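# Analysis of the macromolecular model
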Amino acid sequence: MKKIVLIGGGFAGLNLAKSLTNVNDFEIVLVDKINYNFFPPLLYQVATGFLETSSISYPFRKMFSSAKNIRFWLGELTEIIPEQNKIILSNGELTYDYLVIAAGTTTNYFGMENVKANAIPMKTLEDALNMRNILLQRIEAASITTDPEEQKQLLTMVVAGGGPTGVEISGMFAEMSKTIFKKEYPELKQLQEAKIYLVDGGEALLSPMSRQSQTDTLEAITQLGVTVKLNTHVIDFDGNTVSFDDGSSIKTKNLLWAAGVTAIRFAGIPNESYGRGNRLVVDSINKVKGTENIFAIGDTSYQDSDKNFPNGHPQVAQVAMQQGKCLAKNLQLIQSNKTIKPFEYDDKGSMAIIGRSKAVVDLPKPKLHFKGTFAWLAWLFVHLMSLSMPRNKVNTIYHWGLAYFTRNSSLRMIIKPLKKI
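Residues numbered from 1 in each chain as written. Predicted model: local features only at pLDDT ≥ 70, side-chain atom pairs only at ≥ 80, totals over all residues. Heavy atoms only, no water.

## A word on the overall build of the protein chain
Looking only at helices and strands, the protein chain has 12 helices and 25 strands in total. A compact globule built from 421 residues should have a C-alpha radius of gyration of about 22 Å, and the protein chain, at 22 Å, falls within 12% of that. Counting only C-alpha atoms, the protein chain reaches 70 × 50 × 45 Å along its principal axes. In the protein chain, which comprises 421 residues, the proportion classed as buried is 51%. At a minimum sequence separation of 6, the contacts of the protein chain that also span at least 24 residues come to 64%. Accessible area for the protein chain stands at about 20000 Å²; split by element, carbon and sulfur atoms hold 52% of it. Charged side chains of the protein chain number 46 positive and 39 negative; the gap between the two group centres comes to 6 Å. (Helix = DSSP H or I, 4+ residues; strand = E, 2+ residues; numbered from the N terminus. Rg over C-alpha atoms; globule rule 2.2 N^0.38 Å. Buried < 20%, exposed > 50% of the residue type's maximum accessible area, 1.4 Å probe, protein only. Contact = heavy atoms within 4.5 Å. Areas by Shrake-Rupley, 256 points an atom, 1.4 Å probe, with all protein chains shown as cover. Lys, Arg positive; Asp, Glu negative; His and termini not counted. Charge placed at Lys NZ, Arg CZ, Asp CG, Glu CD.)

## Here we look at the pairing of strand β15 (residues 234–237)
The sheet contact formed by β15 and strand β16 (residues 241–244) spans three bridges and is antiparallel. Residue pairing for β16: Asp-236 is matched across the bridge by Ser-243. In textbook terms, the turn of a hairpin is the stretch between consecutive antiparallel strands, and for β15 and β16 this stretch comprises three residues, one of which, Gly-239, has a positive phi near 100 degrees. (Pairing = 2+ DSSP bridges.)

## Notes on the pairing of strand β14 (residues 226–229)
Pairing analysis gives four bridges linking strand β13 (residues 196–199) to β14, with the strands arranged parallel. When the bridges of β14 are listed, Ile-196 appears paired with Val-226. As for the winding sense of the linkage, the β-α-β connection from β13 through helix α9 (residues 211–223) to β14 is right-handed. (Right-handed = clockwise from strand over helix to strand, strands pointing away.)

## Regarding the environment of Pro-148
Within the secondary structure, Pro-148 is located in helix α6 (residues 148–155). Residue classification places Pro-148 among the exposed positions, given a relative accessible area of 58%.

## Concerning the sheet that holds strand β17 (residues 249–251)
Sheet strands pair via backbone hydrogen bonds, and the direction of the pair is either parallel or antiparallel. Taken in spatial order, the three strands line up as β15-β16-β17 in an open sheet, and their pairing is antiparallel. The open sheet terminates on both sides in strands that have one partner only, identified here as β15 and β17. Direction aside, neighbouring strands of the sheet carry axes that sit 15 degrees apart on average. (Axes fitted to C-alpha atoms, helices over the stretch in contact; angles between N-to-C directions.)

## So, the packing of aromatic side chains
Applying the stated criterion to the full structure yields 11 aromatic pairs. Centre to centre, the rings of Phe-11 and Phe-39 are 5.6 Å apart; their planes meet at 85 degrees, and the pair counts as edge-to-face. Of this pair, Phe-11 sits in helix α1 (residues 11–19) while Phe-39 sits in the loop between β3 (36–38) and α2 (43–47), and the two are 28 residues apart along the sequence. Here Phe-39 falls in the buried class, since its relative accessible area comes to 6%. The rings of Trp-376, Tyr-404 and Phe-405 are connected pair by pair, giving a single aromatic cluster. Against the face of Phe-244 rests Lys-229, its NZ or CZ located 5.2 Å from the ring centre. (Phe/Tyr/Trp six-rings, centres within 6.5 Å; stacked < 30°, edge-to-face > 60°. Lys NZ or Arg CZ within 6 Å of the ring centre and 35° of its normal.)

## Observations regarding helix α5 (residues 125–144)
Here α5 contains 20 residues, and its C-alpha end-to-end distance of 29 Å stays within 8% of the 28 Å for a straight helix at 1.5 Å per residue. Buried within α5 are the following residues: Leu-125, Asp-127, Ala-128, Met-131, Arg-132, Asn-133, Ile-134, Leu-135, Leu-136, Ile-139, Ala-142 and Ser-143. (Expected span 1.5 Å × (residues − 1).)

## Section: α6
Gln-151, Gln-153, Leu-154 and Leu-155 are the residues of α6 that are buried. Structurally, α6 contributes buried residues whose contacts are with α5, β12 (157–160), β17 and β18 (254–257). Where α6 begins, the side chain of Asp-147 points an oxygen toward the backbone nitrogen of Glu-149, at a separation of 3.0 Å. (Polar contact = N/O pair within 3.5 Å; in protein donor to acceptor, adjacent residues only side chain to side chain.)

## Topic: unusual backbone geometry
Geometrically, the link from Lys-365 to Pro-366 is a cis peptide bond, its omega value of -10 degrees lying close to zero. Take Pro-366: it is sitting in the loop between β24 (358–364) and β25 (367–371). The phi angle at Asn-85 is positive, at roughly 50 degrees, despite the residue not being glycine. With respect to the helices, strands and loops of the structure, Asn-85 is situated in the loop between β6 (77–81) and β7 (86–89).

## So, the environment of Phe-50
Looking at the element boundaries, Phe-50 is found in the loop between α2 and β4 (57–59). A relative accessible area of 10% means that Phe-50 is categorised as buried. Here Phe-50 is in contact with Gln-45, Met-172, Met-176, Ile-180, His-399, Ala-403, Asn-408, Ser-409 and Leu-411, once residues within four sequence places are set aside.

## Thoughts on the side chain of Thr-145
With respect to the helices and strands, the residue Thr-145 is situated in the loop between α5 and α6. Accessibility expressed as a relative area gives 18% for Thr-145, which makes it buried. For Thr-145, the side chain forms a polar contact with the main-chain nitrogen of Asp-147, separated by 3.2 Å. Within the local environment of Thr-145, its side chain forms a polar contact with the side chain of Glu-150, the two groups lying 2.6 Å apart.

## Structural notes on the packing of helix α7 (residues 164–178) against α9
Put simply, α7 and α9 touch, their axes get as near as 9 Å, and they point 25 degrees apart. Comparing their axes, α9 and α7 come out roughly parallel. In this structure, the crossing between α7 and α9 has a hand that is left-handed. In this structure, α7 contributes Val-167, Ser-170, Gly-171 and Lys-178 to the contact, and α9 contributes Thr-217, Ile-221 and Gln-223. Looking at the contact of α7 with α9 residue by residue, the classes come out as two nonpolar, four polar and one charged. (Parallel < 35°, antiparallel > 145°, perpendicular 65-115°, else oblique. Left-handed = near helix turned anticlockwise from the far one by under 90°. Nonpolar A, V, L, I, M, F, W, Y, C, P; charged D, E, K, R; others polar.)

## Brief notes about the sheet that holds β6
Judged by pairing direction, the sheet is antiparallel, and its three strands sit side by side in the order β6-β7-β8 without closing on themselves. Strands with a single pairing partner mark the edges of an open sheet, and in this sheet they are β6 and β8 (92–95). Averaged over all pairs of adjacent strands, the angle between their axes in this sheet comes to 20 degrees, without regard to strand direction. Pairing between β7 and β8: four bridges, direction antiparallel. Bridging across to β8, Ile-87 finds its partner in Leu-94.

See the structure below:
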């Protein structure tokens, strides 16, 4: 029996672990700094109060309670000692036969310390809950202030990042401002000046998607009342003013940061093993460059051996899921002394939701693009089926149905822990 230490239980790590559940050749220790798996594409719905946390998360120990060969370790990786096949954690040590790094990414502020200190990120479930608490408190503050400028500043939203997350949360806030805010905050009915801005440094929203999807998204998000600023980079945010590289600025308390991610570097891995964005450079079976038994999968890996993606794979869920499953098969092939199979990404398409009955979908095989209600229903179905457990699916479809028919949600509560343990 070979011992696999798996760092991270996101899309990549979870699919590897599930593929090797109860496989007698392997003992797996799943290490993560949180004790649950969660579904990042729906974080913005937790942040806006349309889904509860249990709808998109599930504890690892319960998930693998029937797996005889998998155990969980709540801890954080601090150092790797390859020559000893050992890792140092925040609360202990582990040895391994195979080390699989599936740690994902962290928010990238591009060295802007003021932005890091004052912006609201949305990378983790804790970030989503924090965003919900902060924005609800600011809306409450706006409803009682007598200063029009302060009210405008509290309600103006600047979303940095024109990818799916930025588009989705901008559209959600635009729809909420037209329905929920007018109904539940009568004090804000006369306010017309507060706006939602979506800012991106590129030439188009949803840059990895087709030109048609980019055009349709810009048109739809603009119709919702969102002001889009392209070819524009945030350079500073002091908590009151967002400054841009074109010399302009916006007075606001709210900068929502969805502008970039970076992988995590680990002590013990040589510098030459890292590529762009701190991603670990891997070969065709995801083995880390310069190592013998260390693998990296998902967003933390950079693989240029796939002939269809010579510049590396996109950092999306489907790549992570497929790499996790492929590595699981290859580890079994290695154990059986059989020929391993190089990873090749099967692009199943991309999609983004913009608002109620508004979405865009691109399919590569056959090459198709569609938008509107059908694309919106396809987005709902795919994301519902991608949730990890049946309970998550039931909870999510219930809250979606409630939100669709009432155009509202009952989950907008400010709940903060008293203290950290």
